[in-house]
Amino acid sequence: MTHFHFHENELYCEETPVAEIAAEFGTPLYLYSRRQLVDNFRSIDGAFAGVDHTTCYALKANSNHELLRILAAEGAGADAVSAGEIHLALKAGFSPSKITFAGVGKQDAEIEYALRHDIFAFNVESTEELAVIDAIAGRMGKKARIALRVNPDIDASTHPYISTGLKTNKFGIDISVAADVFRYAHSLPHLHVEGIHTHIGSQILKLDPFEQTARKVVDLVSGLRAAGIDIRHIDFGGGYGVTYKNAIRHPLLPMEDATAADEAPMNGEFIAAVLPILKTAGCSIVIEPGRSIIANTGILVTKVLFRKDNGVKKFVIVDAGMNDLIRPSLYQAYHQIVPLTLKQGDPERVDVVGPVCETGDFFARERAIPSVQRGDMLAILTAGAYGFSFTSHYNARPALAEVLVNGDKVRVIRERERIEDLM
Ligand code: LLP
């Protein structure tokens, strides 16, 4: 987390103390580092070193307009999963020729919308979807560029809710029948079969599942070519994991219990590992990273409202809730939590919980963190991906504000909702 760092025991984002930002804009608050975003994008995109490629940022990870504008200006493409995301991508300045459209359940109106805007490719997930896109394109007098999403039956060793490349998952077309489905797609008059798509899951920390997938994809491409179906691009999906534990190290912060398996390879290493394999197919390459571009770009800043000790457990109750960041509740995901100001003293083992009326509303359980009191500020780290984009109004809690730091400049990139805005 190079752009979030402690200086004289104060947490900074780039050159700005986070406590000052929290005092000015209130909490809970999502705060992003512009430099981190740009560095992340460039380190991933730059790993392709001369190979014809497009890095399509997966909007689902975070679709804030200002963040999207930065990525579009960097030359990123966009991976969308709904007409809404295509709309946001276009509004932020992404070229339609760099937009992919994924998802197992595309509605007819969404297919029409994507065709009308002439996006780069539909990533198609079933035989039935092929027929529907063909019919809609025919009706509109268009040809739809498509890639078939192939399910390679590879275990990505990640949380079962975000594993997508196994036969038991709803995603893609079983690789063992893929050649037949490609032939069928090729026979449809209003489709251009252009590519192969895979995405085997998210928060994957090992290189091996990606390498295995790359080999299977390359084999399939040569089999298809032998059968007279030319494949022009390989869309290798996203899923490149990030490090959540010990994201910031400091002598006044307890070391978090982590093994080598919690450590993600550096940005770009995933690409470097698969590139030699993928290159052999002679296709252009698309990737769809979300988390690895945006996760460590953002933090969730929250204030301690109360402490409570019931004799069995100590609770630190904060003003952010599961509706603001659902990952710990939904996946038991780990996010490091640090005070904005570090003080000498022993850490305490506490549950950090939110105000929402659910026992599942927690950010950490039985976690050693520096001792904090009412009014202290905390940062929940590595919260830029699947943070704001996964918020809800549960318990009629207004959406929180988002701010962007650029050096010593700070600006609001989403206004905090007021209770009067609630419907
Ligand atoms: N492409 C496709 C087709 C996807 O389904 C996804 C994520 C991505 C790309 C981007 O994956 P990434 O690079 O961000 O791992 N809410 C969960 C993650 C769900 C991922 C869904 N698909 C979480 O908070 O961990």
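Remember, it's a predicted structure, so these values are computed and weren't measured experimentally. (Residues numbered from 1 in each chain as written. Predicted model: local features only at pLDDT ≥ 70, side-chain atom pairs only at ≥ 80, totals over all residues. Heavy atoms only, no water.)

> Outline the domain arrangement of the protein chain, listing residues and values.
Split into domains, the protein chain comes out as domain 1 (34-291) and domain 2 (296-416). Measuring from the centre of the C-alpha atoms in domain 1 to the corresponding centre in domain 2 gives 31 Å. Counting from both sides, the interface comprises 29 residues of domain 1 and, opposite them, 34 residues of domain 2. In total, domain 1 and domain 2 occlude about 2,800 Å² of area from one another, counting both sides; carbon and sulfur atoms represent 58% of this. Considering only the surface of domain 1 that becomes buried against domain 2, Arg 34, Tyr 244 and Leu 252 emerge as the three largest contributors, covering 22% of it. Between domain 1 and domain 2 we count two salt bridges in total. Linking Arg 367 and Glu 256 is a salt bridge whose minimum nitrogen-to-oxygen distance equals 3.8 Å. Linking domain 1 with domain 2 are 13 residue pairs in polar contact (both at pLDDT 80 or more). Of all the secondary-structure elements, those providing two or more residues to the side of domain 1 that touches domain 2 are helix H2 (34-45) and helix H3 (65-73). (Domains from an automatic or database assignment. Contact = heavy atoms within 4.5 Å. Buried area = accessible area lost by both parts, 1.4 Å probe. Salt bridge = Lys/Arg side-chain N within 4 Å of Asp/Glu carboxyl O. Polar contact = N/O pair within 3.5 Å; in protein donor to acceptor, adjacent residues only side chain to side chain. Helix = DSSP H or I, 4+ residues; strand = E, 2+ residues; numbered from the N terminus.)

> An account of the environment of Ala 23 is requested, with residue identities and associated values reported.
Residue position: Ala 23 is located in helix H1 (residues 18-25). Overall, the relative accessible area of 66% leaves Ala 23 in the exposed class. C-alpha of Ala 23 to C-alpha of Met 377: the two residues are 354 residues apart in sequence and 9.7 Å apart in space. (Buried < 20%, exposed > 50% of the residue type's maximum accessible area, 1.4 Å probe, protein only.)

> Can you break down the pairing of strand S8 (residues 121-124) residue by residue, with the values?
Side chains Ala 121 and Asn 123 project from S8 onto one buried face, and the interleaved Phe 122 and Val 124 project onto a second face that is buried too. Both strand S7 (residues 99-101) and S8 contribute to a ladder of two bridges, which runs parallel. If you follow Thr 100 over to S8, its bridge partner there is Ala 121. Handedness of the crossover joining S7 and S8 through helix H5 (residues 108-116) is recorded here as right-handed. (Pairing = 2+ DSSP bridges. Right-handed = clockwise from strand over helix to strand, strands pointing away.)

> Describe the state of the cysteines, and please don't skip the residues or the numbers.
Using the criterion set out here, one finds zero disulfides in the structure. With no disulfide of its own, Cys 56 has Cys 283 as its nearest cysteine by sulfur position, at a separation of 15 Å. (Disulfide = S-S within 2.5 Å.)

> Please provide a residue-by-residue account of the pairing of strand S20 (residues 401-406), values included.
Among the six residues that make up S20, five are buried, leaving the element largely enclosed by the rest of the structure. Bridge analysis of strand S4 (residues 29-33) against S20 gives five bridges, and the strand direction is parallel. From the neighbouring strand, Tyr 30 faces S20, where its bridge partner is Glu 402. In this structure, S20 lies alongside strand S21 (residues 409-414), joined through five bridges in antiparallel fashion. By the bridge assignment, Val 405 is partnered in S21 with Val 410.

> Pulling in residues and values, what's your account of the site of the ligand?
Around the ligand there are 18 residues in total, and Ser 202, Glu 288, Arg 327, Tyr 331 and Tyr 386 lie nearest to it. At 2.4 Å from an oxygen atom of the ligand is found a side-chain nitrogen or oxygen belonging to Ser 202. Tyr 331 is positioned such that a nitrogen or oxygen atom in its side chain is 2.7 Å from a nitrogen atom of the ligand. Looking at the shell around the ligand, its residues break down into six nonpolar, six polar and six charged. (Near = heavy atom within 4 Å. Nonpolar A, V, L, I, M, F, W, Y, C, P; charged D, E, K, R; others polar.)

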